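Okay, here's what each chain looks like letter by letter:
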Amino acid sequence: MDRRRIVERHNPELNKLDPLSPFSVGNSEFAFSCDITGLQSFPEQYEVPLGTQSNWGWHFTGGPNRFTDKDADQQMFDTHGRLVGYPMKPGNNPEAYHWLRQNPHRLQLGRISFRFLLESGEEAAAEDMANIQQQLNLWTGVVTSEYTVQGIPVRVTTACHADSDTVGVRVESPLIAQGRLQVFMRFPAPDMVHTAWAKAVYPDWDNDERHRTLLTKLEASRALLERTMDEDRYVVGWEWSSGRLERSGTHEFTLVPEVHGELFEFSVSFAPESPQTVSIRDIVESSERGWEAFWMNGAAIDFSGSSDPRAFELERRVVLSQFLCAMHSGGTIPPQETGLMYNSWFGKAHLEMHWWHASHFPLWGREDYLLKSMKWYREILPIARDLAASQGYEGARWPKMVGFDGKPCPSPVAPGLIWQQPHPMVLAEMCYQANPSRELLEQYRDIVFEAADFMVSYAHLDEEKRVFDLGPPLIPAQECHHLHSSKNPPYELEYWKQGLEIAVQWAERLKEEVNPRWVEVAASMAPPPQAEGVYLAHENCPDTFTEKNRDHPSMLGALGILPGTLVDHEVMRNTLMKVKEVWKWDSAWGWDFPMCAMTAARLGEAELAVDFLLMDATKNSYLANGHNYQRPGLTAYLPGNGGLLTAVAMMACGWRGNEQAMNPGFPKDGSWNVKWEGLKPFL
């Protein structure tokens with residue numbers, strides 16, 4: 001299989017400014033997004049911030065101990081005869097509520113821009129750029145940007161080092177010799193503002209007094225800048241081939257190249273303490289080696305032999321999604337929905353989305369990318385234990401919306417969700433299936449077992465029916481339901497069963513005594529609620545398909561994402577058809593489409609699986625840069641990209657019990673000729 005050819009035929013290219021599709025370079029821990037100039041020269045022309053972000057760069061407004069979770073008001077909910085508190089509303093302490101939601105928040109580390117001067121001496125604007133040709137080479141991870149300013153050509157190469165949070169830039173242009181090209185770096189204030197739900201959080205370019213930028217070292221071709229914000233700090237290292245550095249603002253520095261020749265190179269490194277010194281040549285070579293190794297290892301898939309006119313677009317989405325997920329979702333902490341592009345929800349991760357970001361990695365033979373963030377669950381295990389204990393439960397309850405520190409935050413939805421609970425168990429199992437070892441079992445044993453202890457403590461025995469119920473209180477994955485009335489959503493019931501069965505398997509593999517409660521609860525989960533031949537959103541929702549036919553049709557996940565051991569296949573088939581007919585798809589989210597495709601695949605509805613995967617819907621569109629678009633302010637939604645990769649792997653390679661069928665999720669009418677290597681079967 002000619003992997004390079006498959007990848008490079010989908011290199012994204014632009015010949016004009018696309019306000020939705022900046023290109024990015026990065027390395028899983030750091031990313032830099034650029035406009036058509038190859039830097040961040042015209043950010044006001046883009047609908048989303050042009051970000052420079054890392055997994056280590058975070059900030060607490062006023063310091064990390066300004067408020068704790070104990071300062072947030074708790075609303076009390078009846079839980080089978082006892083009261084349990086959830087911080088759902090600002091209540092009597094709105095300041096603590098909003099501070100805890102917004103802190104810690106991920107930092108925009110700095111903006112690096114060109115300043116082009118016209119012949120008149122005025123600064124060039126975006127409309128002065130002409131003859132634009134920009135390409136992101138997916139095989140090398142390098143962006144090449146070509147354009148003219150008043151007819152004078154500019155060629156820019158932008159790359160990120162594979163192992164260092166360093167951007168390298170090479171500029172070739174007669175503008176350098178004419179003294180008409182400069183580079184400047186500007187730093188924003190660190191604080192977040194309370195913005196509309198799920199909108200992009202824009203950097204604050206005012207409030208200069210809220211932070212400090214010190215030039216701590218200046219040499220002939222190198223400078224160090226120290227950034228300080230409350231109790232947080234980081235350092236920026238800037239190196240250049242020739243030129244002089246000038247302070248051009250309180251938090252702005254301008255680099256003026258020497259007017260000798262037409263070539264100028266520089267690199268900018270960001271670090272908590274000591275930035276590395278890396279040449280532009282080393283940066284480009286590192287990027288080339290790193291991305292070639294990524295593409296040559298793991299799985300590959302080729303749709304070029306298919307006659308279905310949608311095949312090329314599906315392959316484009318698959319290739320770009322692999323690149324984007326490796327860059328944004330393959331780091332040492334679970335990512336935010338927008339990855340390292342820009343901040344949504346204050347840069348925090350939503351742990352119920354971790355599965356969607358990363359479950360594809362083991363299926364594509366790249367489980368090492370997932371294992372990096374799996375280690376983080378071990379670090380926050382004490383926090384998960386405390387959360388469970390504070391609510392009167394055993395074991396460890398994973399929070400929902402978190403910063404790097406793993407601490408839960410108040411929210412009108414987050415505290416009530418439970419479907420993130422089995423995620424680490426299932427992700428650990430997927431890593432084990434990809435590469436079985438006792439070492440892995442021992443490494444993640446506590447995560448699996450303590451999660452299971454919470455799950456059996458949380459499930460409630462219905463004495464009359466002799467089954468275990470989930471909720472209330474809970475909010476299902478379909479978040480438009482009330483905490484106080486939701487009971488037994490099908491997806492969560494099936495997921496509880498699967499998670500507990502994994503815990504039993506792990507104990508047996510480790511030759512440890514199995515907790516009999518895990519076996520008891522897994523064997524007696526309540527049946528998924530249904531009425532008139534279809535599954536309901538939950539037991540108390542008879543209006544599922546009339547009033548609640550919006551947001552996620554998550555009842556489908558019980559068979560598709562999950563094996564569906566509690567599910568009647570014909571009832572689920574009816575449910576899938578009903579969802580297709582009546583769902584308000586403009587209210588769905590990017591991962592709903594691959595979820596539906598996975599359900600269709602398990603039901604043997606291959607044509608329908610492809611139709612769902614490629615449905616013509618706004619939130620199932622993929623931009624020129626490969627990002628899954630949702631709406632203004634949320635133009636990058638990586639759970640959609642990750643879900644697509646998981647669904648395609650499942651549809652091509654099959655799932656446990658169906659591993660031998662070739663491409664079981666694709667039609668057998670000859671329209672789809674899918675070739676692949678290296679994929680692994682789904683659970």
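The structure under discussion appears in the preceding block.
In what follows, the accompanying structure is described. (Residues numbered from 1 in each chain as written. Predicted model: local features only at pLDDT ≥ 70, side-chain atom pairs only at ≥ 80, totals over all residues. Heavy atoms only, no water.)

**What to know about the overall build of the protein**
Looking only at helices and strands, one finds 17 helices and 32 strands in the protein. Here the protein has a C-alpha radius of gyration of 26 Å; the compact-globule value for 683 residues is 26 Å, and the two agree. If you line up the protein on its principal axes, its C-alpha atoms span 85 × 65 × 50 Å. Of all 683 residues assigned to the protein, the portion counted as buried reaches 64%. Put simply, of all contacts in the protein between residues at least 6 apart along the chain, 71% involve residues at least 24 apart. Accessible area for the protein stands at about 24,200 Å²; split by element, carbon and sulfur atoms hold 47% of it. Once the 62 positive and 90 negative side-chain charges of the protein are each reduced to a mean point, those two points are 1 Å apart. (Helix = DSSP H or I, 4+ residues; strand = E, 2+ residues; numbered from the N terminus. Rg over C-alpha atoms; globule rule 2.2 N^0.38 Å. Buried < 20%, exposed > 50% of the residue type's maximum accessible area, 1.4 Å probe, protein only. Contact = heavy atoms within 4.5 Å. Areas by Shrake-Rupley, 256 points an atom, 1.4 Å probe, with all protein chains shown as cover. Lys, Arg positive; Asp, Glu negative; His and termini not counted. Charge placed at Lys NZ, Arg CZ, Asp CG, Glu CD.)

**Notes on the sheet that holds strand β1 (residues 13-14)**
The 9 strands lie next to each other as β1-β10-β11-β12-β13-β21-β18-β17-β16, forming an open sheet whose pairing is antiparallel. Only two strands of the sheet have a single partner each, and these edge strands are β1 and β16 (212-218). In the sheet, strand β11 (residues 142-149) pairs with strand β12 (residues 152-160) via 7 bridges, with the strands oriented antiparallel. Bridging from a neighbouring strand, E146 pairs with R155 of β12. (Pairing = 2+ DSSP bridges.)

**Points about helix α13 (residues 516-523)**
Every buried residue of α13 is listed here: W518, V521 and A522. Considered in projection along α13, the buried side chains sweep an arc of 100 degrees and stay on one side of the axis. In this structure, α13 carries P516 and A523 as exposed residues pointing more than 90 degrees from its buried face. Residues of α13 that are buried make contact with α11 (438-458), β27 (467-469) and α12 (490-509). Capping of α13 at its N-terminal end is provided by N515; its side-chain oxygen lies 2.9 Å from the backbone amide nitrogen of R517. (Arc of directions from axis to C-beta. Polar contact = N/O pair within 3.5 Å; in protein donor to acceptor, adjacent residues only side chain to side chain.)

**Focus on the environment of W518**
Assignment of secondary structure puts W518 in helix α13. Relative accessible area serves as the criterion here: at 4%, W518 is assigned to the buried category. When near neighbours in sequence (up to four residues on either side) are disregarded, W518 contacts F449, A452, D453, V456, L500, A503, V504 and A507. Within the local environment of W518, its side chain forms a polar contact with the side chain of D453, the two groups lying 3.0 Å apart.

**Brief notes about the packing of aromatic side chains**
Under the definition given, this model contains 38 aromatic pairs. Each ring, one from F264 and one from F266, has its centre 5.8 Å from the other, and the planes form 35 degrees; the classification is tilted. Per residue, the accessibility class of F264 equals that of F266, and both read buried. Here Y458 and W496 contribute two aromatic rings whose centre-to-centre distance is 5.8 Å and whose plane-to-plane angle is 50 degrees, an arrangement assigned as tilted. Residue Y458 is located in helix α11, and its partner W496 is located in helix α12; the two are separated by 38 residues in the primary sequence. (Phe/Tyr/Trp six-rings, centres within 6.5 Å; stacked < 30°, edge-to-face > 60°.)

**Re empty space enclosed by the protein**
Scanning the model with the defined rule gives 8 cavities of 30 Å³ or more in all. Around the second largest cavity, the lining is made up of 16 residues, and of these L107, Q108, M192, P203 and N343 lie nearest the centre. In terms of residue class, the lining of the second largest cavity is made up of 10 nonpolar, 4 polar and 2 charged. (1 Å grid on protein atoms, 1.4 Å probe; cavity = no way out; pocket = protein on both sides within 12 Å on 5 of 7 lines; lining within 4 Å. Points joined across faces, edges and corners; volume = space filled by probe spheres on them. Nonpolar A, V, L, I, M, F, W, Y, C, P; charged D, E, K, R; others polar.)

**Here we look at the state of the cysteines**
Working definition of a disulfide: a covalent bond connecting the sulfur atoms of two cysteines. This structure, assessed with the given rule, holds 0 disulfides. No disulfide involves C34; its nearest neighbouring cysteine sulfur is the one of C160, lying 11 Å away. No disulfide involves C480; its nearest neighbouring cysteine sulfur is the one of C541, lying 7.5 Å away. (Disulfide = S-S within 2.5 Å.)

**Looking at the pairing of strand β6 (residues 75-79)**
Here β6 shows a clear split, with Q75, F77 and T79 buried on one side and none of M76 and D78 buried on the other. With 5 bridges joining them, β6 and strand β7 (residues 82-86) adopt antiparallel strand pairing. Paired with D78 across the two strands is L83, which belongs to β7. Taking the residues between adjacent antiparallel strands as the criterion, β6 and β7 are bridged by 2 residues, where H80 takes a positive phi near 55 degrees.

**What about the environment of I176?**
If you trace the backbone, I176 turns up in helix α3 (residues 174-177). I176 sits in the buried class, given a relative accessible area of 2%. Sequence separation of I176 and E47 is 129 residues, and the distance between their C-alpha atoms is 30 Å. When sequence neighbours within four positions are dropped, the list of residues in contact with I176 reads V171, L181, P257, E258, V259, G261, E262, L263 and F264.

**Some details on the sheet that holds strand β19 (residues 244-249)**
Ordered in space as β9-β14-β20-β19, the 4 strands form an open sheet in which the pairing is antiparallel. Lying at the two open borders of the sheet, with one neighbouring strand each, are β9 (111-116) and β19. With strand direction ignored, the average angle separating the axes of adjacent strands in the sheet is 30 degrees. As paired strands, β19 and strand β20 (residues 252-256) are joined by 5 bridges and run antiparallel to one another. Bridge pairing links E246 to T254 in β20. (Axes fitted to C-alpha atoms, helices over the stretch in contact; angles between N-to-C directions.)

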